[in-house]
Amino acid sequence: MITPTDVPGPQGELLLRTMPMPADTSFNGDIFGGWLMSQMDLAGSMMAKEVTRTRTVTVAVESMQFIKPVRVGDVVCCYGRVKRVGTTSVTIMLEVWVRPILHTGKDQFTTFKVTEAAFTYVAIDQEGKKQTIDKTRLAGAAESSV
Ligand SMILES: CC(C)(COP(=O)(O)OP(=O)(O)OC[C@H]1O[C@@H](n2cnc3c(N)ncnc32)[C@H](O)[C@@H]1OP(=O)(O)O)[C@@H](O)C(=O)NCCC(=O)NCCS
């Protein structure tokens, strides 16, 4: 079981920063896990496209655990790093951290991790068929993950 204190700080590049709205809540007032997954997918797909320089589709999401709830008005930050670049796929490790700026008290500015997961994207052509990633064009972090 992961607890918020087990983790040192966000790992990777800040890919997306957003704020959930009341329409994103479940009946108990917390944010839907699906909303969070969708933000992660968006963030991961941006990074995947930067790596592959092609269109991509999400092919898999590895096990995801929600550590703490997210609330309306929280600042949600999604960080990512390239974990692996395969023949046609790229796996991005994504973490979501929250800054609860609307909360009162000493925890107001304490940033904490709410979830993490590995998202895998496949490079595709115009017909939606997988295509080989051109590894001669990889840069930075992606280069060392081949
Ligand atoms: C993605 C897609 C084009 C792959 O086509 P495919 O011919 O079946 O491809 P493969 O099974 O050979 O897999 C392609 C790559 O994905 C990887 N992959 C496939 N399934 C995976 C899984 N469950 N976990 C991790 N990686 C996976 C393979 O390892 C391979 O990577 P590599 O080439 O780097 O080694 C096809 O499955 C597809 O169109 N899926 C739907 C995607 C989609 O619509 N996503 C949005 C959902 S709403």
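The text that follows walks through the structure, step by step, so that each part is easy to find. As a convention, each chain's residues are numbered from 1 in the sequence order in which they are written. Given that this is a predicted model, residues contribute local features only at a pLDDT of at least 70 and side-chain atom pairs are listed and counted only at 80 or more, while totals for whole chains, interfaces and linings are drawn from all residues.

1. Describing the site of the ligand
Logical step 1: The C-beta atom of each residue is placed using the backbone, and any residue whose C-beta lies within 6 Å of a molecule or strand is treated as near it. Taken together, 13 residues lie around the ligand, and Ala 60, Gly 86, Thr 87, Thr 88 and Ser 89 are the ones closest in.
Logical step 2: Numbering goes from the N terminus for both helices and strands, where a helix is a DSSP run of H or I of at least four residues and a strand is a run of E of at least two. Mapped by element, the contributors of at least two residues to the shell around the ligand are β2 (55–61) and β6 (112–124).
Logical step 3: In terms of residues, the shell around the ligand owes the most to one element, β2, which gives 4 residues.
Logical step 4: Class assignment of the residues belonging to the shell around the ligand gives a composition of 5 nonpolar, 7 polar and 1 charged. Gly is put with the polar residues, along with every residue not named as nonpolar or charged; the nonpolar set is Ala, Val, Leu, Ile, Met, Phe, Trp, Tyr, Cys and Pro, and the charged set is Asp, Glu, Lys and Arg.

2. Description of the environment of Lys 68
Logical step 1: Along the chain, Lys 68 turns up in the loop between β3 (65–66) and β4 (75–85).
Logical step 2: For Lys 68 and Thr 115, which are 47 residues apart along the polypeptide, the C-alpha to C-alpha distance reads 7.8 Å.

3. Describing helix α1 (residues 33–52)
Logical step 1: Its 20 residues give α1 an end-to-end C-alpha distance of 28 Å, which sits within 8% of 28 Å, the value for a rise of 1.5 Å per residue.
Logical step 2: Restricting attention to buried positions, one finds in α1 the residues Leu 36, Gln 39, Met 40, Ala 43, Gly 44, Met 47, Ala 48, Val 51 and Thr 52. Multiply 1.5 Å by the residue count of a helix minus one, and that product is the helix's expected span. Buried residues are those with 20 or more other C-beta atoms within 10 Å of their own C-beta, exposed residues have 12 or fewer, and partly exposed residues lie in between; C-beta atoms are placed from the backbone.

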